[in-house]
Structure formats: C-alpha cells, structure tokens
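Breakdown of the fold
Next come the chains, spelled out residue by residue.
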Amino acid sequence: AAGVIQSPRHLIKEKRETATLKCYPIPRHDTVYWYQQGPGQDPQFLISFYEKMQSDKGSIPDRFSAQQFSDYHSELNMSSLELGDSALYFCASSFQGGVTEAFFGQGTRLTVV
Amino acid sequence: AQTVTQSQPEMSVQEAETVTLSCTYDTSESDYYLFWYKQPPSRQMILVIRQEAYKQQNATENRFSVNFQKAAKSFSLKISDSQLGDAAMYFCAYRTWAQGGSEKLVFGKGTKLTVNP
C-alpha cells in the first residue's frame, strides 16, 4: 500500500539558508500535518492543512511557512535557518471521513551547520 | 489545552515476558482518540494501536492491548510475549474528535523500551 512520501530524506544547510521540505500524502487523504522532532524529544506539532486550507497552527516560527497544493502535496518552507532548526521533520496524513489515525512519512532529517 | 503524560522515561523487559507502559492525559472533551506510536531506531513513527473514547471495550492488536480507563484518564499499553523487535521509543498520543479543525496529535514525552534477550 502507498505510504506518505517525504523528500528529501536528508538535508544539510548552512545557517541563514533556506530549505524546502516536501510531503506527498497517501492518495485520497485530505489532511496533512507537519511535526518537528528534536534529538531525544517528542514530536511537536507545527501546522496542518485540511482540504488545502490551513486548519491549525502550532509552535511554528514565523520564519517557516507551509502550504498544501491542488494535488494535496504539501511543502514546508524554512528560511533564515538556525542551528536549533536541526531536527527530524515528519509529515503525516489522514482522511477525515474514514480511518482516523495519522500515517507518518519517514521524515526529513535537517542538519543546519 | 490537552496534555499527555508518560511517567516512565525508560522501561525494560525480558524477552517473552509482559510489560505495561503508562500514559495519562488531561482533557475536557468527552470524545477523542488515543494512540500508541512506536519509534524504533530508524525513527519511523509506526502506529501500534488506537482507541476511540466512546468505546468501552479495550482495543487489542495481536500482542498489544490497552487498558483504557476514561474516568481516570488513563491509557496504558500492555505488550505480551515481548520480542527483541519491540525495542523502541513508545509515544502515547491524544487527538481531538473534531474534524476540519484542530486534529493535531498531542504526544507524551515517550518511554524508551529495552527488551533483554
């Protein structure tokens, strides 16, 4: 069965650079979530989209923005990167009209140097 | 705001034995979902089991079962016949019932499970 696809899997950026993370949800899933997990931490909710509209916002820095496109894929844009942005970024998707659990992608490991 | 508490940062179990991981949560909602996710060293987040709050029957998935005590706001995970592959970080998570709004997962801090051969 198709899963949530994230790209790239690994990304190394320098401070003050910009990064774009992509997420392709499971087909027919209408909700996408972004989470940030620092080393040894629990995942922290950043932002979510339902039917291409932002549905909720968590502890997402103003330097970050995200959107969901007409084909339901989502992109997380991160600018003016800081060392503290180094983390594993998860995308998850779910379908509100049926199965309720969120399925996670394998994550993008971002390292800021 | 909802909170999830896992009071056991680390647990260990002997292979083939049973272990229970604890989770408590705080919410004012009457309908919601609860989940246990497993995160092995690969750091993939894998759903282990889910429970709908309106269901009184405890969820079971093969060797994994939960003890859901709604009044006590407790949601523990029991792993029977533990296997080496069960070694991982386990996260308890809460999700609101609402749709089209705030469906985010709220995670506990996690419990690191070690399985000894």
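The structure reproduced in this document is the subject of the present report. Owing to the predicted nature of the structure, the values given are computational and were not obtained by experimental measurement.

**Observations regarding the pattern of salt bridges**
All told, the structure shown has ten salt bridges over all chains when counted by the stated rule. Across the salt bridge formed by K22 of chain A and E75 of chain A, the nearest N and O atoms sit 4.0 Å from each other. Taken as a pair, K22 of chain A in strand β3 (residues 19-24) and E75 of chain A in strand β8 (residues 74-78) lie far apart in primary sequence, 53 residues in all. Here E82 of chain A and R63 of chain A are joined by a salt bridge, their closest N and O atoms 3.4 Å apart. Residue E82 of chain A is located in the loop between β8 and β9 (87-94), and its partner R63 of chain A is located in the loop between β6 (53-57) and β7 (64-68); the two are separated by 19 residues in the primary sequence. Connected through shared salt-bridge partners, E101 of chain A together with R50, E52 and K55 of chain B make up one network.

**Notes on the pairing of β9 of chain A**
Residues and elements named next belong to chain A. Burial runs high along β9: eight of the eight residues are buried. Residues A87, Y89, C91 and S93 line one face of β9 and the alternating positions L88, F90, A92 and S94 line the opposite face, and both faces are buried. Two strands pair when backbone bridges link them, and strand β4 (residues 31-37) and β9 are joined in this way by seven bridges, in the antiparallel orientation. Paired with T31 across the bridge in β9 is S94. Where β9 meets strand β11 (residues 108-112), three bridges bridge the pair, whose relative direction is antiparallel. Paired with L88 across the bridge in β11 is R109. Relative to strand β10 (residues 103-104), β9 runs antiparallel, the two being bridged by two bridges. Note on β10: the bridge partner recorded for S93 is F103.

**Re unusual backbone geometry**
A cis amide bond links S7 of chain A with the next residue in sequence, P8 of chain A, at an omega value of -10 degrees. One non-glycine residue with positive phi stands out, namely R43 of chain B, at about 70 degrees. You can see R43 of chain B is positioned in the loop between β5 (32-39) and β6 (46-52). Overall, the relative accessible area of 16% leaves R43 of chain B in the buried class.

**Regarding the interface of chain A and chain B**
Between chain A and chain B, the residue contacts involve 23 residues of the former and 21 residues of the latter. With both chains or domains summed, chain A and chain B bury close to 2,000 Å², and 49% of this area falls on carbon and sulfur atoms. For the pair chain A and chain B, the interface holds three salt bridges. Here R50 of chain B makes a salt bridge to E101 of chain A, at a shortest N to O gap of 2.7 Å. Summed over the shared surface of chain A and chain B, the number is nine residue pairs in polar contact (both at pLDDT 80 or more). Of all elements in the fold, only β4, β5 (44-50), β6 and β9 of chain A reach the threshold of two or more residues within the side of chain A that touches chain B. Per-element accounting of the side of chain A that touches chain B gives the leading share, four residues, to β4 of chain A. The class makeup of the residues in the side of chain A that touches chain B is ten nonpolar, nine polar and four charged.

The rules behind the values
Residues numbered from 1 in each chain as written. Chains lettered and ligands numbered in written order. Predicted model: local features only at pLDDT ≥ 70, side-chain atom pairs only at ≥ 80, totals over all residues. Heavy atoms only, no water. Salt bridge = Lys/Arg side-chain N within 4 Å of Asp/Glu carboxyl O. Helix = DSSP H or I, 4+ residues; strand = E, 2+ residues; numbered from the N terminus. Buried < 20%, exposed > 50% of the residue type's maximum accessible area, 1.4 Å probe, protein only. Pairing = 2+ DSSP bridges. Contact = heavy atoms within 4.5 Å. Buried area = accessible area lost by both parts, 1.4 Å probe. Polar contact = N/O pair within 3.5 Å; in protein donor to acceptor, adjacent residues only side chain to side chain. Nonpolar A, V, L, I, M, F, W, Y, C, P; charged D, E, K, R; others polar.

These results come straight from atomic positions and should not be treated as a statement about function.
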